[in-house]
Amino acid sequence: MNSHPNMLHQPAFLDVESSLSGRRWVGPSIELDRAAEALTQATRLPRPVAQVLARRGIAADEADGFLNPALRDLLPDPRSLRDMEKAATRLIQAVQRKERIAVFADYDVDGGTSAAQLIVWLRHFGRPATLYVPDRIDEGYGPNAPAMADLAAAHDLIICVDCGTLSHDALAAATAAEVIVLDHHLGGETLPPALAVVNPNRQDESGDLAHLCAAAVVFLCLVEANRQLRVSGQSGPDLMRFLDLVALATVADVAPLIGVNRAFVRQGLKVMARRDRPGLVALGDCARMDTAPAAYHLGYVLGPRVNAGGRVGQADLGARLLSTDNPHEAQALAERLEGFNTERREIEAAVRAAAMTQAEERGLDAPLVWAAGNGWHPGVVGIVASRLKETAGRPAIVIGVEDGIGKGSGRSVSGIDLGSAIQRLASEGLLIKGGGHKMAAGLTVAEDQIDAAMARLSELLARQGAGALGPADLRLDGMLMPGAANVDLVEMLENAGPYGAGASGPRFAFGDCAILFAKRVGESHLKITFGDGLGARLDAIAFSAFDGPLGPALLDHGGKRFHLAGRLDINTWQGRQSVQLRLEDAALAT
């Protein structure tokens, strides 16, 4: 699928060169408009939906398959990944021989969902597994030699999930056991000493499946294991029931929502809606989720809570919650994670304020936005990096320093490969260690090397074009009238999703609107009702509007008319559905 053409030199959409938030509005190119028109005529889809499909490079004969992604059509052959057959065979062997199995998992959502799949799959055969999740602060990311040596002394097989690809020394310490790695982080020039390293981002892989998260790699391994069992006349558990975990990891780990990942998320949300997994039911209830799960809930409601244990609490809570079949245990674990998530928010707010001040002093228009501070909790630096990235539209790194050592986390923007740049930095000796993937990375650096490392990283990212990004541009899929924004249209737009990394959600402009009602909500949000003068009106909510000029300008509009831009949502209240605009920007209509 082709991304849409470069739009830097197009005329500003609705002539908005500088909006209230200082951004230039850019609409679809002439070529995209033509493609959308052709799609509308060929498929009878509403123009806004055709606009989204055209942006994704979908032709008319592909539209139905895209809108209804089927896992059976999109699921790759697991054996297309190196070492997969060997890994699945060894896993079955461990079950049949009643061997002692350990699962070594990363402490984030991807690691937790990966571990949970293996634990639940093994439980089907009556086989227990030892779960080991390293402490983020005491042990850091990935396998370490003492832990691997201890596990190897008491187990026959260790399966490392969402980690291990770069852990040569740690895996070498596991002399008394065999090791399988199921991972997706960028591989180095050599593989670690393991029986099997299954990773779509190994250097000797084609890269066709580079968009998979670790939970998807684990799922494919279990698909292959079930296939091998069927060949020998046996059966494994129903893997369709695992798709809620794969969906959660895919969205929370910011994997691009393309190809099979779309099917994973779409099907996984349907599985999740059945409320069969006690851990996710308990977590959703703690978070007061009262609507059917959507991709938003995976990334912003459930994901942060699963992550909270690894960030500020106990690292294995997420994996234990997701793998338990006991509702009472699930409830207790969910409540603990809810408490840790509240604590995480408070810590994050303090670090974010300090990091933002520091980054602004350096300037938010450099190829890399970064901040480092003594005592910043390593469990929240990744989230704060995400916030910096969103604010600046640039790759961002945030580093917490303790005892002369900085532990940092980075988040990137589309088109800039942060993981490979971090790996290059490590190979040049500027980092103690570092790695990751295109959109996210982690690093450990000596305090006296931070400035030099960040300067070099900025240079590497500039070569990829990070300094030339247009953070001030607001990309729009076209214009809508308030009367056209009905529930049916929003549901059809949702059907062209899920939206997220690599598949940004549709954003529309509403031109020349009158503000009919405006009210400040909470500390910094704004609620408005607007109309086009033809009788149609639409409600809108602008989150954090009073953190910038948007809130004050619209609250004190003085009868002026505005162009408004944002994303459409369905708002459910007491069983009734209505359309609401999540307002992101506005400009005076001239």
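Up top is the structure.
Residues numbered from 1 in each chain as written. Predicted model: local features only at pLDDT ≥ 70, side-chain atom pairs only at ≥ 80, totals over all residues. Heavy atoms only, no water.

The next point concerns the packing of aromatic side chains. This model, assessed by the stated rule, comprises 5 aromatic pairs. When the ring centre of phenylalanine 66 is taken as reference, the NZ or CZ atom of arginine 262 above it lies at 3.7 Å. A cation sits over an aromatic face here: arginine 362 above tryptophan 370, 3.4 Å from the ring centre. (Phe/Tyr/Trp six-rings, centres within 6.5 Å; stacked < 30°, edge-to-face > 60°. Lys NZ or Arg CZ within 6 Å of the ring centre and 35° of its normal.)

The next point concerns the nonpolar core. Residues Trp121, Ile159, Val161, Leu182 and Phe264 are the most contacted members of the largest nonpolar core, which totals 52 residues. Counting residues per element, this core draws most heavily on helix α9 (residues 214-231), at 11 residues. With 47 residues, the next largest nonpolar core counts Val265, Ala287, Ala371 and Leu388 among its residues. (Core = buried A, V, L, I, M, F, W, Y, C linked by side-chain atoms within 4.5 Å. Buried < 20%, exposed > 50% of the residue type's maximum accessible area, 1.4 Å probe, protein only. Helix = DSSP H or I, 4+ residues; strand = E, 2+ residues; numbered from the N terminus.)

For the rest of this paragraph, the subject is the pattern of salt bridges. Summed over the entire model, instances satisfying the criterion amount to 35 salt bridges. In this structure, glutamate 17 engages arginine 24 in a salt bridge whose closest nitrogen and oxygen atoms are separated by 3.0 Å. According to the relative accessible area criterion, arginine 24 is buried, its value standing at 16%. In this structure, glutamate 99 engages arginine 90 in a salt bridge whose closest nitrogen and oxygen atoms are separated by 2.8 Å. Take glutamate 99 and arginine 90: they sit in the same class, and that class is buried. Linked through salt bridges whose partners overlap, the residues forming this network are Asp77, Arg79, Glu85, Glu224 and Arg227. (Salt bridge = Lys/Arg side-chain N within 4 Å of Asp/Glu carboxyl O.)

Tracing the chain through its elements places histidine 557 in the loop between α20 (550-555) and β16 (561-573). For histidine 557, a relative accessible area of 19% translates into the label buried. When sequence neighbours within four positions are dropped, the list of residues in contact with histidine 557 reads Ile515 and Phe562. (Contact = heavy atoms within 4.5 Å.)

Glancing now at the sheet that holds strand β7 (residues 369-374). The strand order across the open sheet formed by 5 strands is β7-β8-β9-β11-β10, and the pairing between neighbours is mixed. Edge strands, defined here as strands with exactly one partner in the open sheet, are β7 and β10 (433-436). Averaged over all pairs of adjacent strands, the angle between their axes in this sheet comes to 15°, without regard to strand direction. As defined by bridge partners, β10 adjoins strand β11 (residues 440-446) across 4 bridges and the pair is classed as antiparallel. Paired with glycine 436 across the bridge in β11 is alanine 441. (Pairing = 2+ DSSP bridges. Axes fitted to C-alpha atoms, helices over the stretch in contact; angles between N-to-C directions.)

At a closest axis distance of 9 Å, the pairing of helix α11 (residues 260-273) and helix α13 (residues 295-312) adopts a crossing angle of 75°. With respect to α13, the axis of α11 lies roughly perpendicular. Together, Val265, Leu269 and Met272 of α11 and Ala295, Leu298 and Leu302 of α13 make up the contact between the two elements. Classifying every residue of the contact of α11 with α13 by side-chain character gives 6 nonpolar, no polar and no charged. (Parallel < 35°, antiparallel > 145°, perpendicular 65-115°, else oblique. Nonpolar A, V, L, I, M, F, W, Y, C, P; charged D, E, K, R; others polar.)

Glancing now at the pairing of strand β17 (residues 576-588). Direction of pairing for strand β15 (residues 537-542) relative to β17: parallel, over a ladder of 3 bridges. Within β17, the residue paired with isoleucine 541 across the bridge is arginine 582. Bridge count between β16 and β17: 12 bridges; the pairing is antiparallel. Note on β17: the bridge partner recorded for arginine 567 is arginine 582. The turn linking β16 back onto β17 is made up of 2 residues, and glutamine 574 within it adopts a positive phi angle of 50°.

The subject of this paragraph is the packing of helix α15 (residues 327-362) against helix α16 (residues 381-392). Two numbers describe how α15 lies on α16: the axes approach to 9 Å, and their chain directions differ by 45°. Here α15 lies oblique to α16, going by the angle between them. Seen along the crossing, α15 lies across α16 with a hand that is right-handed. Of the residues in α16, those touching α15 at Arg344, Glu348, Val351, Arg352, Ala355, Met356 and Ala359 are Ile383, Val384, Arg387, Leu388 and Thr391. Within the contact of α15 with α16, the residues separate by chemical class into 7 nonpolar, 1 polar and 4 charged. (Left-handed = near helix turned anticlockwise from the far one by under 90°.)

Remember that the coordinates give geometry; whether it matters functionally is a separate question.
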